[in-house]
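# Coordinate analysis (summary)
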Amino acid sequence: MSESAAPESAPRVAAMIKSLSVSSEGSLPPLEDDADSVCSDELLGSQSRSWLADLLKGGDVMPENGDVSTVGRDGLFVDYHFPLGELEMQAGVKWKRPKELTSSPQFIIDGATRLDVRQGKLNDCWLLSAIASLSMHRFLLNKVMPEGQSFQDGYKGCFIFWFWQYGQWEEVRIDDLLPTQENSLIYLSSPERHEFWSSLLEKAYAKLKGGYRALDMGFPHEAMVDMTGGVAEVLQISSLPRDLPAFFRHLLAKGALINCANCQGPLEQRNELGIMFRHAYALTAVEEVNKDAD
């Protein structure tokens, strides 16, 4: 698959929705719903974060002045202001740093690619498809995820990401504590067990939106705007040219980020072509395949 270079100006972002009829049970909420109401979550207050107290020197309570530069007993950054949901507080869920999951954690291994994005227990394929598209454009990815961050030189347990909000880029600073069960990440992870850029990007976006549960259902074009500052278009198949391969090849050649979804059919089941119903995908290339071929 070929990768087209993204222009330095604001990129064109295209999102394709096959149908306006979307079940609220899937990863894609109904188009007429307000995104904030769909993604709302009863977040637990700081009094429920006893798991964090042990990380602080002397068991200090969370600072009331809003200071997020808290240092734990291990000398690493702890973000007391990350909003928690019920799933992260369940028995058996432990928050661990990558260095506790592997002896040699890496931020990025052999470049960030779409193959580094593997969905966890959240219905956030809409976000993951946008991240996969973003990874195809290094210039855009470096804007969201500044270069030079690692678990080696200068590591303090803190990572920085940038998202486009209300006409300007906003910095989001997080620690690298990630929710796990049985020593495995429960949300987004990379198939490469030593690599953590995608997991930390998901956590940073969760903080921006109000917690992991705020990512449960959404629309790809919203995430793409937040990660590019570009202009999104939502298109229906019925409104597109008949020669879809040529149409999409043209957009990809122009540097567009394209996501698509089949919004009909039973949740999480596949059609005869293997496309999962009510699931978001990143369109990275266009190839013609003869399904009747051996």
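Residues numbered from 1 in each chain as written. Predicted model: local features only at pLDDT ≥ 70, side-chain atom pairs only at ≥ 80, totals over all residues. Heavy atoms only, no water.

An unreviewed UniProt entry annotates the protein chain as Calpain-1 catalytic subunit of Liparis tanakae. Word for word, the UniProt comment on the protein chain under Sequence similarities (unreviewed entry) is "Belongs to the peptidase C2 family." (UniProt positions renumbered as here; feature names shortened; annotations may be inferred.)

This next bit is on the packing of helix α4 (residues 125-134) against helix α6 (residues 197-209). In contact at an axis separation of 11 Å, α4 and α6 are set at 125 degrees when each is read in the N-to-C sense. By the criterion of interaxial angle, the relationship of α4 to α6 is oblique. Where α4 crosses over α6, the two elements pack in a sense that is right-handed. Contacts from Trp126, Leu127, Leu128 and Ile131 of α4 reach α6 at Trp197, Leu201, Glu202 and Tyr205. Class assignment for the residues of the contact of α4 with α6 results in seven nonpolar, no polar and one charged. (Axes fitted to C-alpha atoms, helices over the stretch in contact; angles between N-to-C directions. Helix = DSSP H or I, 4+ residues; strand = E, 2+ residues; numbered from the N terminus. Parallel < 35°, antiparallel > 145°, perpendicular 65-115°, else oblique. Left-handed = near helix turned anticlockwise from the far one by under 90°. Contact = heavy atoms within 4.5 Å. Nonpolar A, V, L, I, M, F, W, Y, C, P; charged D, E, K, R; others polar.)

To describe a pair of aromatic rings, one takes the distance between the centres and the angle between the planes. Under the definition given, this model contains 13 aromatic pairs. Taking the centre distance of 6.3 Å and the plane angle of 65 degrees together, the rings of tryptophan 126 and tyrosine 205 count as edge-to-face. Note that tryptophan 126 is positioned in helix α4 and tyrosine 205 in helix α6, a separation of 79 residues in sequence. A connected cluster of aromatic rings, assembled from ring pairs, spans Phe107, Phe151, Tyr155, Phe159, Phe161 and Phe196. We note lysine 203 situated over the ring of phenylalanine 82; from NZ or CZ to the ring centre the distance is 5.0 Å. (Phe/Tyr/Trp six-rings, centres within 6.5 Å; stacked < 30°, edge-to-face > 60°. Lys NZ or Arg CZ within 6 Å of the ring centre and 35° of its normal.)

Our focus in this paragraph is the sheet that holds strand β7 (residues 178-181). Spatially, three strands are ordered β4-β7-β8 in an open sheet, and the strand pairing comes out antiparallel. Each end of this open sheet is capped by a strand with a single partner; those strands are β4 (93-96) and β8 (184-185). With two bridges joining them, β7 and β8 adopt antiparallel strand pairing. The partner of glutamine 181 across the bridge, within β8, is serine 184. (Pairing = 2+ DSSP bridges.)

Bringing the environment of glutamine 90 into the picture now. Considering the arrangement of structural elements, one finds glutamine 90 in the loop between β3 (77-78) and β4. Along the backbone, glutamine 90 and glutamine 181 are 91 residues apart, and their C-alpha atoms lie at a distance of 9.9 Å.

Our next topic: the UniProt feature "active site" (unreviewed entry) in the protein chain. Within this numbering scheme, the UniProt entry marks Cys125 and His279 as carrying the feature "active site" (unreviewed entry). The greatest C-alpha distance among the annotated residues, which extend across 155 residues, is 6.5 Å, indicating that they converge on a single site. Among the secondary structure elements, cysteine 125 is positioned in helix α4. Its relative accessible area of 2% is what places cysteine 125 among the buried residues. Along the polypeptide, histidine 279 turns up in strand β11 (residues 279-283). The class of histidine 279 is buried, set by a relative accessible area of 13%. (Buried < 20%, exposed > 50% of the residue type's maximum accessible area, 1.4 Å probe, protein only.)

With ten of ten residues buried, α4 lies mostly within the body of the structure. The complete set of buried residues in α4 reads Cys125, Trp126, Leu127, Leu128, Ser129, Ala130, Ile131, Ala132, Ser133 and Leu134. Residues of α4 that are buried make contact with α5 (138-144), α6, α7 (220-228), β10 (257-262) and β11.

This next bit is on the packing of α4 against α7. The packing of two helices is summarised by the inter-axis angle and the distance between the axes. Two numbers describe how α4 lies on α7: the axes approach to 8 Å, and their chain directions differ by 45 degrees. Between α4 and α7, the angle falls in the class oblique. In this structure, α4 crosses over α7, and the sense of that crossing is right-handed. Along its contact with α4, which presents Trp126, Leu127, Ser129, Ala130, Ile131 and Leu134, the element α7 presents Pro220, Ala223, Met224, Met227 and Thr228.

Because each turn of an α-helix spans 3.6 residues, side chains separated by three or four positions end up pointing in the same direction. With 13 residues, α6 extends 19 Å between its outermost C-alpha atoms, agreeing within 8% with the 18 Å of an ideal straight helix rising 1.5 Å per residue. Where burial is concerned, most of α6 is hidden: eleven out of the 13 residues are buried. Buried residues of α6: Trp197, Ser198, Ser199, Leu200, Leu201, Glu202, Lys203, Ala204, Tyr205, Ala206 and Leu208, and no others. Count one or two residues on from α6 and you reach glycine 210, which has phi positive near 115 degrees. (Expected span 1.5 Å × (residues − 1).)

When pLDDT is averaged across the protein chain, the result is 78; 75% of the residues are at 70 or more. Of all helices and strands in the protein chain, the one with the weakest mean pLDDT is helix α1 (residues 35-38) (34), whereas strand β5 (residues 158-165) scores best (97). Taken as a whole, residues 1-26 scores under 50 in pLDDT and shows 86 contacts with residues more than four places along the chain or in a different chain. Within the model, the stretch residues 31-51 combines pLDDT values under 50 with 36 contacts to residues more than four positions away or in other chains. (pLDDT = per-residue confidence, 0-100.)

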